[in-house]
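Read off the chains here:
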Amino acid sequence: MVVQQESPAAPAAGAGRMEVAALWHGHLLPGGRRFPVIADCNFALRPGELTVMIGPSGCGKSTLARLLAGYGRPDEGRIRMDGRHVDGPGKDRLMVFQESALFPWLTTRDNAEFGLRERRVLDGPARSRAAALLDRVGLGRFLAKYPAALSGGMQRRLEMVRALVNDPALFILDEPFRGLDAMTRTLMQEHFAGMFEEGRRTALFITSDIDEALLLADRILVMTARPMRVAADLAVDIPRPRTLATLFEDERANGLRKAIMEMLYAEAARSFGARAQSSDLAAAMHGTPRP
Amino acid sequence: MSGALSAMGPRRARPARRAGPSQAGRRAATSIAVFLLLGELIARAPALFGVEVPVLGVLPAPSGVVAEALRELSDPAYWQSWYLSFLRVAGGFLAALALGVPLGLLLATRRSFRNVVFPVFEVLRPIPPIAWVPAAIIFWPTQELSIVFVIFLGAFYTITFSTYHGARQVDPALVQSARSMGSGQWRVLWRVVLPAAMPGIVTGAAIGMGITWEVVVAAELISGGSGGSGGGLGHFMWDAYLANNHERIVVAMISIGLAGYLSSTLLRRAGRLLAPWQPLK
């Protein structure tokens, strides 16, 4: 693959710029046809900004996340990270998955140090940095435990640490708090917001929860139903630190919430309608993607 | 295999169950005692009651078996048989492990390799190891090698297949996250696929170990019988049969059972060391 170096020797401080242009992607169906998932998707992630992507469930957000992380190639279009073509997984883009992807056979400490060991940078300072991060998220007393012995919330925190330790330029989080109980989820969101405030790295956070989006985002991308593209790109200029309680009293937050809800509702209704009208899948596939 | 208890410290669950075994143990002891007593009565029926029990009457008395066992325990030849059989099982089993695990991993992760090798594997797999005995004797230069080879086959298919199966079921998210944290292809195999397949490998090894003991006895009976040079527990039993020593046949049977039990216990211990993250069963 061609390595394009348009911004030579990009400084690490401003790294994490991702551009997605004219992206089309579909799943191959038996019979050779393609089922469109992403159609003409365009957006950019700016360095140091936390972008939240929100859309109806099943709209293709996870597919897009996988493409950005490099686990697959788009059918058409460009994905560039700091000026270079994305061509496979790379340690500059780390992904935290919807489902737990901790290694069950490694202890908390070994899981956290995995990336350091694989890149052969596991020295004293790196170890103590990992240990400090684990301490910060309350896992200091569980260093020798296997993931099976950790609670769901602890597993998610360990996963965050495991990714953070590698200091990725771009942090991709695909509904990382899904499946946690409401209380743990709120705590995790506030915790994550705090960690982000300190680190200020580029992040793409995928969710289907509007309040989560408002709590975390510098910018919200509202996505359409399948085939997916960007329906709206909204700046969230609500002062930090935010809490769920203050968000309910904030004028701008309520305005954004209403606008996003209406868009998501319309998209959900559209995809429900489309499903109801097409009795078989083939008919749905012939539906041409909107321009 | 229940994962329900996995969340708590595995070893701590024991004390609650401690009340059980004493009662279950008493029942087990009673059952075995009744079984032995019945055997003794049947064997002594002609002397005690003047009638021979049909069919079962030819079985040796448990007391006779114990007496024979005590004699054998002080006989170096008996221990030599143990030693030889264990050596063969260990040789065949370790060879099966050394070849089967890498083969299973490659079959699971390299598609073109799988397409080429798997058909041959599947054609050979249904052939029972014992059916290989004559071919093995012809093929290998020494009798010892042919026995070890047949034992190897007994464990090899099972270990390869369960490694393959375990490795195929690795969560792709684990492979992907390792890749994105900088692991190369071979590192992924070593640090993700192998440990993920480890529980399957241990299970396969335990089943394979059981098969090796079935095979070693049969192989020794068949090939070790000639000339009396073969040795091993299977041959020990065959000798007892030729000498019409019923007590010794039973001692041999029990010895082989015990050998299988000991080796699978050893294996389970090793398995726990190799997969310590797995909840205790």
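The structure we're discussing is the one just above.
Basis of the calculations
- Residues numbered from 1 in each chain as written.
- Chains lettered and ligands numbered in written order.
- Predicted model: local features only at pLDDT ≥ 70, side-chain atom pairs only at ≥ 80, totals over all residues.
- Heavy atoms only, no water.
- Contact = heavy atoms within 4.5 Å.
- Buried area = accessible area lost by both parts, 1.4 Å probe.
- Salt bridge = Lys/Arg side-chain N within 4 Å of Asp/Glu carboxyl O.
- Polar contact = N/O pair within 3.5 Å; in protein donor to acceptor, adjacent residues only side chain to side chain.
- Helix = DSSP H or I, 4+ residues; strand = E, 2+ residues; numbered from the N terminus.
- Nonpolar A, V, L, I, M, F, W, Y, C, P; charged D, E, K, R; others polar.
- Phe/Tyr/Trp six-rings, centres within 6.5 Å; stacked < 30°, edge-to-face > 60°.
- Lys NZ or Arg CZ within 6 Å of the ring centre and 35° of its normal.
- Buried < 20%, exposed > 50% of the residue type's maximum accessible area, 1.4 Å probe, protein only.

### Description of the interface of chain B and chain A
So, step 1. Every contact between the two is made by 20 residues of chain B and, on the other side, 26 residues of chain A.
So, step 2. Across the chain B to chain A interface the summed buried area is about 2,000 Å²; carbon plus sulfur atoms make up 61%.
So, step 3. The interface formed by chain B and chain A holds 2 salt bridges in total.
So, step 4. When the shortest N-O distance is used, the salt bridge between R191 of chain B and E118 of chain A registers 3.0 Å.
So, step 5. Where chain B touches chain A, the interface holds 7 residue pairs in polar contact (both at pLDDT 80 or more).
So, step 6. Counting residues per element, the ones that place at least two in the side of chain B that touches chain A are α9 (172–180) and α10 (185–223) of chain B.
So, step 7. Looking at the side of chain B that touches chain A, the element that brings in the most residues is α9 of chain B, giving 7 residues.
So, step 8. Partitioning the side of chain B that touches chain A into residue classes produces 10 nonpolar, 6 polar and 4 charged.

### Here's the deal with the packing of aromatic side chains
So, step 1. For the coordinates displayed, the defined rule picks out 24 aromatic pairs over all chains.
So, step 2. When the centroid spacing of 5.4 Å and the interplanar angle of 35° are considered together, the rings of W238 of chain B and Y241 of chain B count as tilted. Taken as a pair, W238 of chain B and Y241 of chain B lie in helix α11 (residues 233–242) at a separation of 3 residues, close to a single helical turn.
So, step 3. An aromatic cluster is defined as three or more aromatic residues linked by ring pairs; in this entry it consists of F118, F121, W132, F139, W140, F149, F152, F156, Y157, F161 and Y164 of chain B.
So, step 4. Looking at R162 of chain A, its charged tip hangs above the ring of F103 of chain A, at a distance of 5.0 Å from the centre.
So, step 5. Against the face of W186 of chain B rests R110 of chain B, its NZ or CZ located 4.6 Å from the ring centre.

### Brief notes about the pattern of salt bridges
So, step 1. Applying the stated criterion across every chain, the model contains 26 salt bridges over all chains.
So, step 2. Between R125 of chain B and E122 of chain B there is a salt bridge, with its nearest N and O atoms 2.8 Å apart.
So, step 3. What makes R125 of chain B partly exposed here is its relative accessible area of 31%.
So, step 4. Since its relative accessible area comes to 31%, E122 of chain B is described here as partly exposed.
So, step 5. Counted as one network, the salt bridges with shared partners bring together R46, E49, R219 and D233 of chain A.

### Re the environment of Q98 of chain A
So, step 1. Tracing the sequence through the fold places Q98 of chain A in the loop between β6 (93–96) and α2 (108–112).
So, step 2. Look past the residues within four positions of Q98 of chain A in its chain and what remains in contact with it is S62, R156, D174, E175 and R178 of chain A.

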